[in-house]
Amino acid sequence: MSSPLISIVMPCYNAEKYVESAVKSVMAQTYRNWELLIVNDCSADGSAAIVRRYAQSDCRVKYFDNAVNSGVAASRNKGVAQADGDYVAFLDADDIWQPSKLERQVAFMLEKGCAISYTAHGFIDEDGRTCGRVYYPPGEVDYNRFLRSNVMCASSVMTDARIMKSTGFSGDVFHEDFTAWLAIVKAHGSGRGIAEPLTMYRVIRGSKSDNKLVSARGVYNIYRRHLRLGALTSLWCMLFYTYNGLKKYSLRKS
């Protein structure tokens, strides 16, 4: 399996301003054996027209519509279900990749034989300008460590396709990506990281991920309701998660 097919899943909701940059960053990859599965979640702007144009010009770009607005978890699940690849990578419609991202990461996955991997990531602002400092995650993270800090930027993640199809994303929790990565790491061993900023995360003012109080509440609910951890254990994990989250957040501003 020297050149495995990589299925790239991109949920899209009202991303007219950014989705073309995201798609172009896929088209610019040095690794060519990929398919891009874009799931439009009932966008009310011009996102659909932009994506359809790329789907018509390149057969590797595949476009899907949700019948009703279903959220990012359902959109990712729909993309994963349609994936034909050996690996699944994720790219949000407002983020971008460096050109060597897929080439470096698939070689890394083949070398390490891991179920899930991730990369360091930099930050860009709403106009695409580099901002802040690069976040370098640990080179390896097991379940207990991952409980205390989500070190995986969703747009940097690549997983074994069979494992991802059987895991899926839960639509009833905030931070649906965190719960999916946790499940994979718990069942299939440590995640492994690449210390190169191959992913660029877009910082958008007022976005759901930018609301730290809502984010923290969502993580605590994951500990208590989804993972069914005890109250003390949840608080202990939450202290570490909050501390690590603030350290990551500070990189955006520096």
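Look up: the structure comes first, before these words.
Just so you know, these numbers come straight off a predicted model, no measurement behind them.

The rules behind the values
Residues numbered from 1 in each chain as written. Predicted model: local features only at pLDDT ≥ 70, side-chain atom pairs only at ≥ 80, totals over all residues. Heavy atoms only, no water. Axes fitted to C-alpha atoms, helices over the stretch in contact; angles between N-to-C directions. Helix = DSSP H or I, 4+ residues; strand = E, 2+ residues; numbered from the N terminus. Parallel < 35°, antiparallel > 145°, perpendicular 65-115°, else oblique. Left-handed = near helix turned anticlockwise from the far one by under 90°. Contact = heavy atoms within 4.5 Å. Disulfide = S-S within 2.5 Å. Expected span 1.5 Å × (residues − 1). Buried < 20%, exposed > 50% of the residue type's maximum accessible area, 1.4 Å probe, protein only. Pairing = 2+ DSSP bridges. Right-handed = clockwise from strand over helix to strand, strands pointing away. Salt bridge = Lys/Arg side-chain N within 4 Å of Asp/Glu carboxyl O. Polar contact = N/O pair within 3.5 Å; in protein donor to acceptor, adjacent residues only side chain to side chain. Phe/Tyr/Trp six-rings, centres within 6.5 Å; stacked < 30°, edge-to-face > 60°. Lys NZ or Arg CZ within 6 Å of the ring centre and 35° of its normal.

Caption draft 1: Molecular detail of the packing of helix α1 (residues 19-27) against helix α2 (residues 47-57). Two numbers describe how α1 lies on α2: the axes approach to 10 Å, and their chain directions differ by 20 degrees. As far as their axial angle goes, α2 and α1 are roughly parallel. Once α1 is placed against α2, the crossing between them reads as right-handed. Across the interface between the two elements, Val19, Glu20, Val23 and Lys24 of α1 pack against Ile50, Val51, Arg53 and Tyr54 of α2.

Caption draft 2: Seen up close, the state of the cysteines. As enumerated under the stated definition, the model contains 0 disulfides in all. Note on Cys131: no disulfide assigned, nearest cysteine sulfur contributed by Cys153 at a separation of 13 Å.

Caption draft 3: Highlighting helix α7 (residues 176-188). Between its first and last C-alpha, α7 extends 18 Å over 13 residues, near the 18 Å set by a 1.5 Å rise per residue. With its phi angle positive at about 100 degrees, Gly189 sits one or two positions after the end of α7.

Caption draft 4: Here's a closer look at the pairing of strand β2 (residues 34-40). When you tally the buried positions in β2, you get 7 out of 7 residues, the bulk of the element. Burial along β2 is two-sided: Trp34, Leu36, Ile38 and Asn40 facing one way and Glu35, Leu37 and Val39 facing the other are all buried. By the bridge criterion, 7 bridges tie strand β1 (residues 6-12) to β2 in an arrangement that is parallel. Bridge assignment links Cys12 to a residue of β2, and that residue is Asn40. Where the polypeptide runs from β1 across α1 and back to β2, its parallel neighbour, the crossover connection is right-handed. Bridge count between β2 and strand β3 (residues 61-65): 5 bridges; the pairing is parallel. Among the inter-strand pairings, Asn40 is bridged to a residue of β3, identified as Asp65. As a crossover connection, the stretch from β2 through α2 into β3 is right-handed.

Caption draft 5: Layout of the pattern of salt bridges. Tallied over the full model, the rule gives 14 salt bridges. Of the charged contacts in the structure, one is a salt bridge between Asp92 and Arg76, with a shortest N-O distance of 2.9 Å. Taken together, the residues span a long stretch of sequence, with Asp92 in the loop between β4 (87-90) and β5 (96-97) and Arg76 in helix α3 (residues 72-82) at a distance of 16 residues. Assigned by exposure class, Asp92 and Arg76 land together as buried. Between Glu126 and Arg205 there is a salt bridge, with the nearest N and O atoms lying 3.2 Å from each other. Taken together, the residues span a long stretch of sequence, with Glu126 in the loop between β6 (116-124) and β7 (130-135) and Arg205 in the loop between β10 (191-202) and α8 (212-226) at a distance of 79 residues. Members of the salt-bridge network, linked through shared partners, are Glu35, Lys62 and Asp84.

Caption draft 6: Expanded view of the side chain of Asp95. Among the structural elements, Asp95 can be located in the loop between β4 and β5. In terms of polar contacts, Asp95 uses its side chain to reach the side chain of Ser155, at 2.7 Å. Apart from residues no more than four positions distant in its own chain, Asp95 is found in contact with Ala22, Ser155, Met200, Tyr201 and Arg202.

Caption draft 7: Structural detail: the packing of aromatic side chains. Counting across every chain of the model gives 7 aromatic pairs. Seen from their ring centres, Trp236 and Phe240 are 5.0 Å apart, and the 80 degrees between their planes marks the pair as edge-to-face. Of this pair, Trp236 and Phe240 both sit in helix α9 (residues 231-253), 4 residues apart, roughly one helical turn. An aromatic cluster is present here, built from Phe90, Phe169 and Trp181 joined pairwise through their rings. Looking at Arg148, its charged tip hangs above the ring of Phe240, at a distance of 5.3 Å from the centre.

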